[in-house]
Amino acid sequence: MDPIAKYISQKISKTRWRPISPALLQRPEVFATGSWDNESNRVSIWSVGDHGVSNTDSEFDEEPQLLCDSQHDGDVMDLQFLDQDRLVSASSSGAVTIFKLQPDCQSLSLAHVWERAHWYSCDNAPCTAVVCRSPEVVSVGEDGRVILYKADQTEVVRVIENADSSTIHAVTFLRTTEVLTVNSIGQLKMWDFRQQSDSPAQILSLTGGRVPLHCVDKHPNQQHIVATGGQDGMLYIWDVRQGNTPFSLIEAHSAEMWEVHFHPSNPNHLFTCSEDGSLLHWETTSGSDMSTLLQRGWNSRVVSHSAVPLAGEDDSVVSAWLAGDSSKNRLEATHMLPNQTLSVNSLDVLEQCLVCGTDGEAVYVHRQVPV
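My aim in this report is to walk through the structure given alongside it, one point at a time. Predicted model, so just to flag it, every value in this text is computed and none were measured.

## Concerning the sheet that holds strand β10 (residues 127-133)
Whether parallel or antiparallel, the strands of a sheet pair through hydrogen bonds between backbone atoms.
Next up, step 1: Ordered by their spatial adjacency, four strands build an open sheet running β10-β11-β12-β13, and the pairing between neighbours is antiparallel. Two strands in the sheet have a free side with no partner beyond their single neighbour: β10 and β13 (158-160). With strand direction ignored, the average angle separating the axes of adjacent strands in the sheet is 15 degrees.
Next up, step 2: Where β10 and strand β11 (residues 136-141) come together, six bridges link them in antiparallel fashion.

Structure follows, in structure tokens:
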């Protein structure tokens, strides 16, 4: 089934599903978008699905409906739900903002703003990314700072002033007190907020060149496995316990990769989007799945594998992303969008639902992703 497209007269920088309650067997229906490079930028809340009409046939065809929105000062550089009712944005103005979403999703209001969280001595520094693990929020920026906040406190909890001499492009939580950042010279840095030192606990880096990394995501079940993407369009898989270089390099896109996301509940599936106008659904297939793989045809794009054996791990729990023996492990990539030429800037996946936003002023929603 093709995705549903909605044209909204704004370049979309970020798209995120609102979290769903695990207790309720509901499908994702509400998502947020942020815009960039417009005269007036906005954070908007949308709904897909039946809008109260319980006709299962028609719900797949419903195009997204705008529920509410709010003006945003500067480009929306990142957008993350803190919980079902709060949304955090990163701005090109250097600000970090918490928005409050009413339970009925009919109103979005400002809850708190850290105005110049990121700054240069003479100007604002764009805040490039935020990550949330309620009540904690972490932001990173062009100024090389890593900042820790608590959503219910107005004072900043911790600032790592000179975390980086280059731009930090993205950040993710590894564990409760640890975050991982990626920068514009091909480095991953691990930070442990329990340490008083402003030095990273670990540094990993690409070999051979300082390729800017734009995005990072961690495996939802195995925190040591991390995926990154950057300016060269390659997908890099890392094992942060083993060595300090990527485990796998995979040819993914012909231009910058803007986002990478493991599927949150089925991490053998991974999604990437790019400046080249494509959104790819990656699937690892282990030996036990070979029959289905051969029926569907396969596309192995693995360029190189680390020869480092995985010490002390039972084979059954070695993630498919780290399974170096290519006879047991294949990678298949599927294009998720119709041919379109402008950049796909952002994507998010939850359950079987995928949403992405483009410079073509379109949001695409796919509600039957095969995961």
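## Comments concerning the pattern of salt bridges
Next up, step 1: Evaluation of the coordinates by the stated rule reveals 17 salt bridges.
Next up, step 2: Note that D164 is salt-bridged to K189, the shortest N-O span being 3.4 Å. With D164 in the loop between β13 and β14 (168-175) and K189 in strand β16 (residues 187-192), this residue pair connects regions lying 25 residues apart in the sequence.
Next up, step 3: We classify D164 as buried; its relative accessible area is 7%.
Next up, step 4: The shortest N-O distance in the salt bridge between E178 and R175 comes to 2.6 Å.
Next up, step 5: R175 sits in the partly exposed class, given a relative accessible area of 39%.
Next up, step 6: Three or more residues are tied together by salt bridges with common partners; here these are K14, R16, D78 and E259.

## Remarks on unusual backbone geometry
Next up, step 1: Residues S134 and P135 are joined by a peptide bond in cis, for which omega reads 5 degrees.
Next up, step 2: Its identity as a non-glycine residue notwithstanding, S9 has a phi of 60 degrees, on the positive side.
Next up, step 3: Mapped onto the fold, S9 is located in the loop between β1 (4-7) and β2 (12-17).
Next up, step 4: In this structure S9 comes out as exposed when scored by relative accessible area, which is 60%.
Next up, step 5: Phi at E351 is positive, roughly 50 degrees, even though this residue is not glycine.
Next up, step 6: Relative accessible area serves as the criterion here: at 40%, E351 is assigned to the partly exposed category.

Reading the values: the criteria
- Residues numbered from 1 in each chain as written.
- Predicted model: local features only at pLDDT ≥ 70, side-chain atom pairs only at ≥ 80, totals over all residues.
- Heavy atoms only, no water.
- Pairing = 2+ DSSP bridges.
- Helix = DSSP H or I, 4+ residues; strand = E, 2+ residues; numbered from the N terminus.
- Axes fitted to C-alpha atoms, helices over the stretch in contact; angles between N-to-C directions.
- Salt bridge = Lys/Arg side-chain N within 4 Å of Asp/Glu carboxyl O.
- Buried < 20%, exposed > 50% of the residue type's maximum accessible area, 1.4 Å probe, protein only.

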